Amino acid sequence: MISDTIAAIATAVGEAGIAIIRVSGPDAVQETAKLFQSKIPLTEVSSHTVNYGHIIDPLDGSRVEEVLVSVMRAPRSFTVEDVVEIHCHGGVVSVRKVMDLLLQRNIRLAEPGEFTKRAFINGRLDLSQAEAVIDLIRSKSDRAFNIALKQVDGALSKRIKAMRYDLVELMAHIEVNIDYPEHDVQEMTSTLIQNKCSAALQEIEQLLKTASEGKILREGITTAIVGRPNVGKSSLLNALAQENKAIVTDIPGTTRDVIEEFVTINGIPLKLLDTAGLRETTDLVEQIGVEKSRNALEQADLILFVVNYNEKLHDDELLLLEKLKEKQTIIIANKTDLPQELDLKSIYTHFPAQQIVTMSVREQEGLDQLEKSISSLFFSGELESNDLTYVSNVRHIALLKQAKVSLEEGRDAAEAFVPIDMIQIDIRLAWERLGEIIGDSVSESLIDQIFSQFCLGK
Ligand SMILES: Nc1nc2c(ncn2[C@@H]2O[C@H](COP(=O)(O)OP(=O)(O)OP(=O)(O)O)[C@@H](O)[C@H]2O)c(=O)[nH]1
Ligand SMILES: [Mg+2]
């Protein structure tokens, strides 16, 4: 059982309106009370109240900070322990001072994620919910935030638990048959196993289908803007980012390094990479830049291939476009404010599968068309629905895949009339893997590893 009391600054460090220090553990109220001067002593206030007062230095009685202190007594708190939250004015110095005073009491500094870990250990959250809290903190767009929120709510856990329940039932059924074997029961069981395994497999496959979308929502679609020098790549980045992130000049070869910018388009987070214009060059620095462009091209989930509307397509552009046929690519013909030299028709016939957008970054024309193309590439209407059970966590994905393999083996073995006590092993394995997702059968070291990803104060 947990016996010590922990504290951490729960808000981001820096100058802000307020900063919150969170204290959790059996001595949270009692120890904070010794530093808190108010009308009613903190030890006597009701639970779930906010109390005005001052933090004082017990050594000389001097006032350190004017604060609001909320008290949430066990078990009705995030960690299921006594929790005190001290709302300070937020100057870095005063918050540190309050924190120092707390740590001089019977309170120690919390490890990253320790509050959430306690919520997990005390049974308030299961592991997938706790991990969703990490995602919640890190989520970079509204959509990703909603998905993480749903997971904290336990949407994923519910589906996993239902699957595990079915598998336990099946295992029990098999067990009975092993203990009381009869001639025709065996065959009946084999069909049952096949059906149950198939049902679970379907559910797992459905969850895995959401996996790539989930990852994208969390980390952003890596989107490389590539093309020959001077076609307007950096201008496009600036337009999408709505700020002057990258240098724009009319000198070919302006961009030398990869410039990263995170933008959200129709709720889809993109990690935009502006790259050096692709061309043969003797300039050493530019050569390195071009090499980096090629790397970005490899890594990208989506490529915005920019060509000049005012020029004929170059041979090297044609060559590269051929190579990119396998990738998600949007061809952008930029500078439509200038006379057309580009043979759009031949591009359409050469690359019928590719989306082609004509635009003028200078005149701010065609940007909305590009945004539409990007969203249509990645989202079918499904995502708008309220079913936001997305698997986005790498650990969950790996475990689901392992469970899938075991279930497939179980199903195939049942089909081949392998003795049912052998099949039992596969089903048990699948059941255990699924359990690891919600933390029912995980080892202590894994738990530590997961919670250490949290920031301090969560
Ligand atoms: N007429 C016209 N000029 C544009 C447009 N978009 C960009 N430009 C101009 O084209 C020139 C090159 O723009 P950049 O954005 O620096 O081009 P880049 O592709 O990043 O070039 P490198 O970094 O050298 O590879 C600048 O002078 C821009 O002002 C457009 O839509 N119309
Ligand atoms: Mg550039």
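Counting from 1, residues in each chain are numbered in the order their sequence is written. Whichever chain is written first becomes A and whichever ligand is written first becomes 1, with later ones labelled in order. Local features in a predicted model are, by the rule used here, given only for residues with pLDDT of at least 70; side-chain atom pairs are given and counted only at 80 or more, and totals for whole chains, interfaces and linings are based on all residues. Note that the side-chain values use all heavy atoms of the structure and ignore hydrogens as well as water.

**Quick notes on the sheet that holds strand β6 (residues 83–88)**
Strands belonging to one sheet form pairs held by backbone hydrogen bonds; the direction of such a pair is parallel or antiparallel.
Phase 1 of the analysis: Ordered in space as β3-β4-β5-β6-β2-β1-β7, the 7 strands form an open sheet in which the pairing is mixed. What marks the edges here is a single partner per strand, and that holds for β3 (36–37) and β7 (108–109).
Phase 2 of the analysis: Here, strands pair whenever DSSP counts at least two bridges between them. Segments assigned H or I by DSSP are reported as helices when at least four residues long, segments assigned E as strands when at least two residues long, and all are numbered from the N terminus. Inspection of the sheet shows strand β2 (residues 19–24) paired to β6 by 6 bridges, in the antiparallel sense. The partner of I20 across the bridge, within β6, is H87.
Phase 3 of the analysis: The contact criterion used is simple: two residues touch if any of their non-hydrogen atoms lie within 4.5 Å. Axes, fitted as lines to C-alpha atoms, cover a helix only where it is in contact. Angles between the N-to-C directions of the axes lie from 0 to 180 degrees. Against the sheet, helix α2 (residues 92–103) makes contact with β1 (6–9), β2, β4 (49–56), β5 (63–72), β6 and β7, and its axis sits at roughly 10 degrees relative to β2, the strand it touches most.

**Here's the deal with the coordination of the magnesium ion (ligand 2)**
Phase 1 of the analysis: Coordinating donors are taken as N, O and S atoms within 2.8 Å of the metal, stretched to 3.2 Å for Na, K and Ca; because water is absent from the atoms, sites can appear incomplete. Protein-derived ligands of the magnesium ion (ligand 2) are S234 (OG) and T255 (OG1), with the metal-ligand distances lying across 2.0 Å. Residue S234 is located in helix α8 (residues 233–241), and its partner T255 is located in the loop between α8 and β9 (259–265); the two are separated by 21 residues in the primary sequence. Of the two residues, S234 and T255, both sit in the buried class. Working definition: with a 1.4 Å probe on protein chains only, accessible area under 20% of the residue-type maximum means buried, over 50% means exposed, and in between means partly exposed.

**Description of the pattern of salt bridges**
Phase 1 of the analysis: A side-chain nitrogen of Lys or Arg and a carboxyl oxygen of Asp or Glu constitute a salt bridge if their distance falls within 4 Å. Tallied over the full model, the rule gives 22 salt bridges.
Phase 2 of the analysis: The residue K161 makes a salt bridge to D126 at a minimum N-O spacing of 4.0 Å. In this pair, K161 sits in helix α6 (residues 155–179) while D126 sits in the loop between α3 (114–121) and α4 (127–138), placing the two residues 35 residues apart along the sequence.
Phase 3 of the analysis: Residue K161 is classed as partly exposed on the basis of its relative accessible area of 46%.
Phase 4 of the analysis: Linked by salt bridges that have partners in common, D4, E81, R108, E114 and R118 make up one network.

By themselves these figures say nothing about function.
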